[in-house]
Amino acid sequence: MRGAWAGLGAAAATLLGAVAAAPAPQWSAGPAEGRPYVYLEGAVGSVLQDTLSVTNPGARPLTVRLSARGAPVAFAVRTVTVPARTRADVPFAVTVTAATPPGEHTGTLLATSGGRESRVPLHLRVSGPSLAALTVEDVTTDRSGTLRYTLVNRGNTVLTPRVAVRADGVLGTVLDRPSRALPVTLRPGERSVRTEPWPDRPALDSVTVRLSVTAPGAPQATARTEAVFVSGPAWATGTAALLAAVGAAAHAARRRRARPGPTPGDPVEERARAEATAGANR
């Protein structure tokens, strides 16, 4: 009998130890009604409202700080204390300002407590006409041939640009790169500085570089720049050829100046003068 009681006591102790070692249930935050994310839709100027639910399954009150990233969110309270085994619903609002372009926008609702952070996705759709517009600006070419330019999204939709490059020199086309997709996505109003290397640029030439940039739904944007390439060997060769040409021209001029004219008493000259006089007397 004593052994049975001892076994029962050991089992109870093991059970109590397992209960004590079990992790406490963690708090959570999410949209009301169990949705996976917050979705809001409206036109410019509207104020869109929703609710964030914070659930505390623990045995003690929980204080949570609320914030947002990537969206203009205004919470009813920034800090909320949730009693044990209770859920708190915190209203919030998103104001669609005039600076918000039509289209899809994303943000994140953040709930933080005790070093732990819970993130809730926010999807905002702003109604209105969409406009795809792209420009290419500040085009330059340095001595190494590297081409620099800036892409600017002037519309209200997200753009995935493509670029084509062509350069024409004195004797014809020296660079022709067909249109290709760039590894960049431009949000409305965003700028991106890009570079195009040109390792096989001409050694001696004056070129016109043209850029053509496109994006789905946007008109083609173009820009150009002028560049002169002169390398050391090409400069030496060109200078030598120029000096040789100048020297040849100077030598020919000296020869023309040094050529002697007719001398007095020259039979050929006397005969020419006599014929000219006779013709005048007739």
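Remember, it's a predicted structure, so these values are computed and weren't measured experimentally.

(A) Representation of the confidence of the model for the protein. The share of residues in the protein with pLDDT of 70 or more is 73%, and the mean pLDDT across the chain is 81. This model gives residues 18-22 a pLDDT under 50, and the stretch forms zero contacts once residues within four places in sequence are excluded. Below a pLDDT of 50 lies the segment residues 234-247, which in the model reaches three contacts outside its immediate sequence neighbourhood of four places, other chains included.

(B) Seen up close, the packing of aromatic side chains. This structure, assessed with the given rule, holds two aromatic pairs. Relative to Phe92, the ring of Phe75 lies with its centre 5.8 Å away and its plane at 50 degrees, an arrangement referred to as tilted. Residue Phe75 is located in strand β5 (residues 73-75), and its partner Phe92 is located in strand β7 (residues 86-95); the two are separated by 17 residues in the primary sequence. By relative accessible area, Phe75 is classed as buried at 10%. With relative accessibility at 2%, the residue Phe92 sits in the buried group. Both rings, one in Trp198 and one in Phe229, keep their centres 5.4 Å apart while their planes meet at 85 degrees; by these two values the pair is edge-to-face. Of this pair, Trp198 sits in the loop between β14 (191-196) and β15 (204-215) while Phe229 is found in strand β16 (residues 218-230), placing the two residues 31 residues apart along the sequence. Accessibility assignment for this pair places Trp198 and Phe229 in one class, buried. A cation over an aromatic ring shows up here: Arg116 above the ring of Trp27, its NZ or CZ 4.5 Å from the ring centre.

(C) Region of the structure containing the sheet that holds strand β4 (residues 62-69). One open sheet accounts for five strands, arranged β2-β9-β8-β4-β6; its pairing is mixed. Pairing within the sheet leaves two strands with one partner each, and these edge strands are β2 (38-42) and β6 (79-82). The sheet shows a mean angle of 25 degrees between the axes of neighbouring strands, direction not considered. In this sheet, strand β8 (residues 103-113) lies alongside β4 in antiparallel orientation, the contact comprising five bridges. In the strand pairing of β8, Leu66 is matched with Ala111.

(D) A look at the sheet that holds β5. Pairing is antiparallel in the open sheet, where four strands are placed in the order β1-β3-β7-β5. Each edge of the sheet is formed by a strand with only one pairing partner; in this case those strands are β1 (28-31) and β5. Strand-to-strand twist across the sheet, computed as the mean angle between neighbouring axes with direction ignored, equals 30 degrees. Relative to β7, β5 runs antiparallel, the two sharing three bridges. What sits directly across from Ala74, in β7, is Ala93.

(E) Structural view of the pairing of β4. Relative to β6, β4 is paired through four bridges, and the arrangement is antiparallel. Within β6, the residue paired with Leu62 across the bridge is Val82.

(F) Representation of the pattern of salt bridges in the model. Evaluated as defined, the whole model comprises 14 salt bridges. Across the pair Arg35 and Asp50 runs a salt bridge whose closest N-O atoms are separated by 2.8 Å. Taken together, the positions of Arg35 in the loop between β1 and β2 and Asp50 in strand β3 (residues 47-56) put the pair 15 residues apart, joining distant regions of the chain. Asp50 gets classed as buried once you look at its relative accessible area, which sits at 14%. Among the salt bridges present, the one from Glu104 reaches Arg125, with a minimum N-O distance of 2.5 Å. Taken as a pair, Glu104 in strand β8 and Arg125 in strand β9 (residues 116-126) lie far apart in primary sequence, 21 residues in all. For Glu104, a relative accessible area of 46% puts it in the partly exposed group.

(G) Focus on the nonpolar core. Among the nonpolar cores identified, the biggest contains 26 residues, and Val136, Tyr149, Leu151, Val209 and Leu211 are the most heavily contacted of them. At the level of elements, β10 (134-141), β11 (147-153), β12 (162-169), β15 and β16 are the ones that each hand at least two residues to this core. If near-sequence neighbours (up to four positions away) are discounted, Tyr149 is found in contact with Val136, Glu137, Asp138, Val139, Val163, Leu182, Ser192, Val193, Arg194, Thr195, Glu196 and Leu211. Within the second largest apolar cluster, 25 residues are counted, among which are Leu40, Val54, Val82 and Leu124.

The rules behind these values
Here, residues in each chain are numbered from 1, in the same order as that chain's written sequence. Owing to the predicted nature of the model, reporting of local features is limited to residues with pLDDT of at least 70; listing and counting of side-chain atom pairs is limited to 80 or more, with chain, interface and lining totals taken over all residues. For the side-chain quantities, the full set of heavy atoms in the structure was used; hydrogens and water were omitted. By definition, pLDDT measures how confident the predictor is in each residue, and it falls between 0 and 100. Residue contacts are defined here by distance: any two heavy atoms, one from each residue, within 4.5 Å place the two residues in contact. Only Phe, Tyr and Trp rings take part, Trp by its six-membered ring, and two of them pair if their centres are within 6.5 Å. Stacked means planes under 30 degrees apart, edge-to-face means over 60, and tilted covers everything else. Put simply, DSSP H or I for four residues or longer makes a helix, DSSP E for two residues or longer makes a strand, and each gets a number counted from the N terminus. Only protein chains enter the accessibility calculation, which uses a 1.4 Å probe; a residue is then buried when its area is under 20% of its type maximum, exposed when over 50%, and partly exposed in between. Lysine and arginine charges are scored as sitting over a ring when NZ or CZ, respectively, is within 6 Å of the ring centre and within 35 degrees of the ring normal. Pairing between two strands is assigned when DSSP locates at least 2 bridges connecting them. Between the N-to-C directions of two axes lies an angle of 0 to 180 degrees, each axis being a line fitted to C-alpha atoms and, for a helix, fitted only over the stretch in contact. Salt bridge, as used here: a side-chain nitrogen of Lys or Arg that lies within 4 Å of a carboxyl oxygen of Asp or Glu. By nonpolar core is meant a set of buried Ala, Val, Leu, Ile, Met, Phe, Trp, Tyr and Cys residues that side-chain atoms within 4.5 Å join together.

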